[in-house]
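The primary structure of each chain is shown beneath.
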Amino acid sequence: MTLVRSGEPEEVMWQGRFVEVRRRGKWEYAGRPGGVRAAVILAIDNGHVILCEQYRVPLGRRCIELPAGLIGDGDDPDEPPEIAAARELEEETGYRAANVESLGEFWSSPGMLTESFTLVRATGLTRVGAGGGTESEDITVHRVALVGLEEFLAQRRAAGDAIDVRILLLLGRKLIEGS
């Protein structure tokens, strides 16, 4: 096995508008140009979680996800993750949060992607609009009881929807304890 050292030069093999492929030594990986990051929102409302459903081109089908969006996607490229999360939550779901708290930075698939996201918990939710995202997005908002989440996900899978891996954090304790 060849180890890749961090001091080896990085080569950009291909770059598009939203994705670039890089190589360091023999290791190839992808990321967003310019190190753009995302905020992923765990929006909890009185025993319910707010989820988004939207078509994802790479999957060729709709996907059930936590609300999320790019940090710095608005007017401020240096915006804090909590501000981006609050903006994206309202834009995508129509909910405004009284409290937004960063839970840390995480990497989606560190063996293949450089992309990271900041997980943000949003509480004290008030419905202020319909949500649905921007005009280029087609987001359906779901407010799902945590006690019925497994059944909801099974129904969505049976309907052909993909389930984003971040949904696992809602199932964590049950997966570990097996009940």
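Each chain carries its own residue numbering, running from 1 in the written order of its sequence. Per-residue local features are limited, in this predicted model, to residues with pLDDT of at least 70; the limit for side-chain atom pairs, both in listing and counting, is 80 or more; totals at the level of whole chains, interfaces and linings are taken over all residues. Hydrogens and waters are ignored; side-chain quantities use all the structure's heavy atoms.

A.B. asks: I keep staring at the nonpolar core and nothing clicks. Help me out?
C.D. replies: Within soluble globular proteins, side chains that are nonpolar tend to cluster in buried spots. Among the nonpolar cores identified, the biggest contains 15 residues, and Val-49, Leu-51, Leu-66, Val-144, Leu-149, Phe-152 and Leu-153 are the most heavily contacted of them. Of all the elements in the fold, those that place two or more residues in this core are strand 4 (38-45), strand 5 (48-56), strand 9 (116-127) and helix 2 (149-158). If we skip the residues at most four places from it in the chain, Leu-51 touches Ile-64, Glu-65, Leu-66, Thr-140, Val-141, His-142, Val-144, Leu-149, Phe-152, Ile-167 and Leu-170. We define the nonpolar core as a collection of buried residues of types Ala, Val, Leu, Ile, Met, Phe, Trp, Tyr and Cys that are connected through side-chain atoms lying within 4.5 Å of one another. The cut-offs for exposure are 20% and 50% of the maximum accessible area for each residue type, with area from a 1.4 Å probe on protein chains only; residues under the lower value are buried, those over the upper are exposed, and the others partly exposed. One finds Ala-39, Ala-84, Ala-85 and Leu-125 within the second-largest nonpolar core, a separate group that totals 12 residues. What counts as a helix is a DSSP run of H or I of at least four residues, what counts as a strand is a run of E of at least two, and both are numbered from the N terminus. Any two residues having at least one pair of non-hydrogen atoms within 4.5 Å are treated as being in contact.

A.B. asks: Looking at this structure, how should I read the confidence of the model for the protein chain?
C.D. replies: Where the model shows low pLDDT, its predicted coordinates should not be examined in detail. This prediction gives the protein chain a mean pLDDT of 90; 93% of its residues lie at or above 70. For the protein chain, the element scoring lowest by mean pLDDT is helix 3 (residues 168-177), at 77; strand 11 (residues 162-163) scores highest, at 98. The pLDDT score gives, residue by residue, the confidence of the prediction method on a 0 to 100 scale.

A.B. asks: Explain helix 2 to me, please; I cannot follow it from the model alone.
C.D. replies: For an α-helix, 3.6 residues make a turn, and residues three or four places apart therefore share a direction. Every buried residue belonging to helix 2 is among Leu-149, Phe-152, Leu-153 and Arg-156, and all of these are buried. Down the axis of helix 2, the smallest arc covering the buried residues is 95°, so these residues share one side. Across from the buried face of helix 2, at angles greater than 90 degrees, the exposed residues are Glu-151 and Ala-158. Where helix 2 terminates, the next one or two residues include Gly-160, which has phi positive at roughly 100°. Arc definition: directions from the helix axis to the C-beta atoms.

A.B. asks: Mind showing me how you'd approach the sheet that holds strand 3 (residues 27-31) here?
C.D. replies: The strands making up a sheet associate through backbone hydrogen bonding, with each pair oriented either parallel or antiparallel. Strands were regarded as paired on the criterion that DSSP finds at least two bridges between them. Ordered in space as 1-2-3, the 3 strands form an open sheet in which the pairing is antiparallel. Edge positions in the sheet fall to strand 1 (10-15) and strand 3, since each has one partner strand and no second. Neighbouring strand axes in the sheet, compared pairwise and without regard to direction, differ in orientation by 25° on average. Pairing between strand 1 and strand 2 (residues 20-24): 5 bridges, direction antiparallel. Bridging from a neighbouring strand, Gln-15 pairs with Glu-20 of strand 2. The angle between two axes is taken between their N-to-C directions and runs from 0 to 180 degrees, where each axis is a line fitted to C-alpha atoms and a helix contributes only its stretch in contact.

A.B. asks: Can you help me understand the pairing of strand 2 in this one?
C.D. replies: Looking along a regular strand, one sees the side chains alternate between the two faces of the sheet. Where strand 1 hands over to strand 2, the hairpin turn is made up of 4 residues, counted between the paired strands. The pairing of strand 2 with strand 3 spans 5 bridges and is antiparallel. Following the sheet pairing, Glu-20 is matched in strand 3 by Gly-31. Counted between consecutive antiparallel strands, the loop separating strand 2 from strand 3 contains 2 residues, among which Gly-25 sits at a positive phi close to 65°.

A.B. asks: Just checking my understanding: could you explain unusual backbone geometry for this structure?
C.D. replies: Excluding glycine, most residues fall at negative phi; most peptide bonds, likewise, are trans. Notably, Asn-46 is not glycine yet its phi reads approximately 50°, a positive angle. The residue Asn-46 is located in the loop between strand 4 and strand 5 in this model.

A.B. asks: Sorry, what's going on with the pattern of salt bridges here?
C.D. replies: When the charged atoms of two side chains lie near each other, side chains of opposite charge can form a pair. Counted as salt bridges are all cases of a side-chain nitrogen of Lys or Arg within 4 Å of a carboxyl oxygen of Asp or Glu. This model, assessed by the stated rule, comprises 17 salt bridges. Here Asp-45 ties to Arg-143 by a salt bridge, and the two come within 3.0 Å at their closest N and O atoms. Pair noted here: Asp-45 is in strand 4 and Arg-143 is in strand 10 (residues 140-145), with a separation of 98 residues, a long-range link. Relative accessible area serves as the criterion here: at 10%, Asp-45 is assigned to the buried category. The class for Arg-143 is partly exposed, based on a relative accessible area of 40%. Between Arg-156 and Asp-161 there is a salt bridge, and its shortest N-O distance comes to 2.7 Å. Salt bridges sharing common partners tie together Glu-53, Arg-62, Asp-138, Arg-156 and Asp-161.

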